[in-house]
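Inside the fold
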Amino acid sequence: MSAPHTYTTDRFCMVLAGTWWCNSGADFDPAACQPVKAGSFVRRVAGTPHYDGVVRDGTEPAVIAICGLAPVNYRLVDPSQPGWRRV
């Protein structure tokens, strides 16, 4: 899963296949993620910490289309930690 991070501008995400697991907040808690099924839409609001991916018990990969305006300015909430986490 991605580590908690932010963007400067909004991101618009469409789940094309599989199940994507999402949560917002600066504290990394994969157990609190919500499943987002294929055909669903997620808006990531600029400046809001969030993280996402596939949880440990996830049985399928996810394909996501993400759109937004530049600049992205991806920023980790805690830059001393890696940008992705194994769960």
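This text follows the structure it describes.
Read on for a plain summary of the structure. Owing to the predicted nature of the structure, the values given are computational and were not obtained by experimental measurement.

Moving on to the sheet that holds strand 7 (residues 63-68). Across the sheet, three strands lie side by side as 5-2-7; this open sheet has antiparallel pairing. The open sheet has two free edges, formed respectively by strand 5 (41-44) and strand 7, since each of these has just one partner strand. With direction set aside, neighbouring strand axes in the sheet form an average angle of 25°. Where strand 2 (residues 11-17) meets strand 7, six bridges bridge the pair, whose relative direction is antiparallel. Residue pairing in the sheet places R11 in a bridge with G68 of strand 7.

The next thing to look at is the packing of aromatic side chains. Enumeration over the complete set of coordinates arrives at three aromatic pairs. Relative to Y51, the ring of F28 lies with its centre 5.1 Å away and its plane at 55°, an arrangement referred to as tilted. Of this pair, F28 sits in the loop between strand 3 (19-24) and strand 4 (34-37) while Y51 sits in strand 6 (residues 50-53), placing them 23 residues apart in sequence. A relative accessible area of 0% places Y51 in the buried class. Between R11 and the ring centre of Y7, over which it is positioned, the NZ or CZ distance is 5.2 Å. Here R85 stacks its cationic end above the ring of F28, 4.8 Å away from the centre of that ring.

A few words on a nonpolar patch on the surface. The grouping of F12, M14, L16, F41 and V63 at the surface amounts to a nonpolar patch, some 480 Å² of accessible area in total. Residue placement: F12 occurs in strand 2. Owing to a relative accessible area of 37%, F12 belongs among the partly exposed residues under this scheme.

To continue, consider the side chain of N23. Positionally, N23 belongs in strand 3. A polar atom in the side chain of N23 sits 2.8 Å from the side chain of Y51.

Opposite charge on two side chains permits them to pair, given that their charged atoms come into close proximity. Under the defined criterion, the tally for this structure stands at two salt bridges. Ionic pairing is found between D10 and R43, a salt bridge with its closest N-O pair at 2.6 Å. Of this pair, D10 sits in the loop between strand 1 (5-6) and strand 2 while R43 sits in strand 5, and the two are 33 residues apart along the sequence. In this structure D10 comes out as buried when scored by relative accessible area, which is 19%. One salt bridge connects R44 with D52, and the closest N-O pair in it is separated by 3.2 Å. Given a relative accessible area of 6%, R44 falls into the buried group.

Analysis parameters
- Residues numbered from 1 in each chain as written.
- Predicted model: local features only at pLDDT ≥ 70, side-chain atom pairs only at ≥ 80, totals over all residues.
- Heavy atoms only, no water.
- Pairing = 2+ DSSP bridges.
- Helix = DSSP H or I, 4+ residues; strand = E, 2+ residues; numbered from the N terminus.
- Axes fitted to C-alpha atoms, helices over the stretch in contact; angles between N-to-C directions.
- Phe/Tyr/Trp six-rings, centres within 6.5 Å; stacked < 30°, edge-to-face > 60°.
- Buried < 20%, exposed > 50% of the residue type's maximum accessible area, 1.4 Å probe, protein only.
- Lys NZ or Arg CZ within 6 Å of the ring centre and 35° of its normal.
- Patch = residues over 30% accessible without salt bridge, like charges linked within 9 Å, V, L, I, M, F, W, Y side chains within 5 Å.
- Areas by Shrake-Rupley, 256 points an atom, 1.4 Å probe, with all protein chains shown as cover.
- Salt bridge = Lys/Arg side-chain N within 4 Å of Asp/Glu carboxyl O.
- Polar contact = N/O pair within 3.5 Å; in protein donor to acceptor, adjacent residues only side chain to side chain.

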